Amino acid sequence: MTVKIAHTAEVQRFFEEAAGIGNDEGSPRLKRIVQRVLQDTARLIEDLEVSEDEFWHAVDYLNRLGGRGEAGLLVAGLGIEHFLDLLQDAKDEQAGFTGGTPRTIEGPLYVAGAPIAHGEVRMDDGSEDGVATVMYLQGQVFDPQGQPLAGATVDLWHANTRGTYSFFDQSQSAYNLRRRIVTDAEGRYRARSIVPSGYGCDPQGPTQECLDLLGRHGQRPAHVHFFISAAGHRHLTTQINLSGDKYLWDDFAYATRDGLVGEVVFVDGPAGRHAQLKFDFQLQQAQGSANEQRSSRPRALQEA
């Protein structure tokens, strides 16, 4: 027999007390959120008849997930970060914001404070010379009317040939494959880098543990992340996923979207084989200064 008590006045009053609803201290916003979390968790336990063993295994899982710093990875893998993009797209459509390069997820691997260059830069530190394929990445940033945007900041980062990122992979030099490029008078940015590899979740980690139980893989296609910003324009968080990758349309983090596939062209020349990738971005007009800024999501900062 199924027993349900979450709806009763006694339990609802208990959750109000636990969430601090009855006192004048703390954050009213957080209180309402915690109250809703408690109510919905109780209903989930009752509706799905979650056992005590299942509940405490879930608590242990959250401890392990946080201990490994993989909460941001699981949020992406379960599609919640993609849902936030879809929700913002719907809000934009309702508000009449149209056009521009599509947004997509940031992911958990950005590091603030990358070196700044003007016009063009080399992104890699040379540690994979002879192993990696050189990639020349270039494009332009445009305003809503299709005019080049001089002085825009193109903040980009990507993995190395092993699918790992500097800062999080301590074997790499600081800010390897991370740069900020200020566009030239024609809105152009140019970077010499290397062709990144896709990557997968740690097979022994808690994110992959969850995905295994869902019957899903934890692989991402090769990709390059971007923040694009310019005065008077909406900040853009996006990434381009490289054509030809096995997981291009089977990304466990659901980041691949129409309009965000970069066509990679491989060229054999006197200096050897290299790749060329051209990708342009178009920004939307900002509706107030807040639109010009990226979210205040906590991010890593490389120590000096």
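It should be noted that the structure appears before, not after, this text.
Values in this document were obtained by computation on a predicted structure and should not be read as measured data. (Residues numbered from 1 in each chain as written. Predicted model: local features only at pLDDT ≥ 70, side-chain atom pairs only at ≥ 80, totals over all residues. Heavy atoms only, no water.)

### Details of the environment of Gln170
For step 1, the next point in the chain: One can find Gln170 in the loop between β5 (153-158) and β6 (178-182).
For step 2, the next point in the chain: Judged by its relative accessible area of 66%, Gln170 is exposed.
For step 3, the next point in the chain: Placed 83 residues apart in sequence, Gln170 and Ala253 show a C-alpha to C-alpha distance of 24 Å. (Helix = DSSP H or I, 4+ residues; strand = E, 2+ residues; numbered from the N terminus. Buried < 20%, exposed > 50% of the residue type's maximum accessible area, 1.4 Å probe, protein only.)

### Some remarks on the pairing of strand β7 (residues 188-194)
For step 1, the next point in the chain: Pairing of strand β3 (residues 120-122) with β7 involves three bridges; the strand directions are parallel. Pairing of Arg122 across the sheet is with Arg192, part of β7.
For step 2, the next point in the chain: Sheet analysis places strand β4 (residues 134-142) next to β7, joined by seven bridges and oriented antiparallel. Following the sheet pairing, Gln140 is matched in β7 by Arg188. (Pairing = 2+ DSSP bridges.)

### A short note on a nonpolar patch on the surface
For step 1, the next point in the chain: On the surface, Val75, Leu78, Ile80, Phe83, Leu84, Leu87 and Leu214 cluster together to form a nonpolar patch covering roughly 590 Å² of accessible area.
For step 2, the next point in the chain: With respect to the secondary-structure elements, Leu78 resides in the loop between α4 (71-77) and α5 (80-95).
For step 3, the next point in the chain: Of the residues examined, Leu78 reaches a relative accessible area of 38% and is grouped as partly exposed. (Patch = residues over 30% accessible without salt bridge, like charges linked within 9 Å, V, L, I, M, F, W, Y side chains within 5 Å. Areas by Shrake-Rupley, 256 points an atom, 1.4 Å probe, with all protein chains shown as cover. Salt bridge = Lys/Arg side-chain N within 4 Å of Asp/Glu carboxyl O.)

### A closer look at the sheet that holds β5
Consider a sheet: its strands pair through backbone hydrogen bonds, and that pairing is either parallel or antiparallel.
For step 1, the next point in the chain: Read from one edge of the open sheet, six strands run β2-β6-β5-β10-β11-β12, paired in mixed fashion. Taken across any chain shown, the strands that pair with only one partner, and hence form the sheet edges, are β2 (116-118) and β12 (261-262).
For step 2, the next point in the chain: Across two bridges, the pairing between strand β11 (residues 236-242) and β12 is parallel. Across the sheet, the residue bridging to Asn241 is Val261, located in β12.

### With respect to unusual backbone geometry
For step 1, the next point in the chain: Of note, Tyr175 is a non-glycine position whose phi angle comes to about 60 degrees, a positive value.
For step 2, the next point in the chain: If you trace the backbone, Tyr175 turns up in the loop between β5 and β6.
For step 3, the next point in the chain: Positive phi values are uncommon outside glycine, yet Leu177 reaches one of about 65 degrees.
For step 4, the next point in the chain: Mapped onto the elements, Leu177 comes out in the loop between β5 and β6.

### Examining the packing of aromatic side chains
For step 1, the next point in the chain: Inspection of the entire model under this criterion finds 11 aromatic pairs.
For step 2, the next point in the chain: Ring geometry for Tyr189 and Phe226: centres 6.3 Å apart, planes at 70 degrees, overall edge-to-face. Of this pair, Tyr189 sits in strand β7 while Phe226 is found in strand β10 (residues 223-229), placing the two residues 37 residues apart along the sequence.
For step 3, the next point in the chain: Between Tyr189 and Phe281 the ring centres are 6.1 Å apart and the planes differ by 45 degrees, which places this aromatic pair in the tilted class. Placement of the pair is Tyr189 in strand β7 and Phe281 in strand β15 (residues 281-282), with a sequence separation of 92 residues. The two residues Tyr189 and Phe281 agree in class, both being buried.
For step 4, the next point in the chain: One aromatic cluster is present, formed by Tyr189, Phe226, Phe279 and Phe281 through successive ring pairs.
For step 5, the next point in the chain: A cation sits over an aromatic face here: Arg234 above Phe97, 4.6 Å from the ring centre. (Phe/Tyr/Trp six-rings, centres within 6.5 Å; stacked < 30°, edge-to-face > 60°. Lys NZ or Arg CZ within 6 Å of the ring centre and 35° of its normal.)

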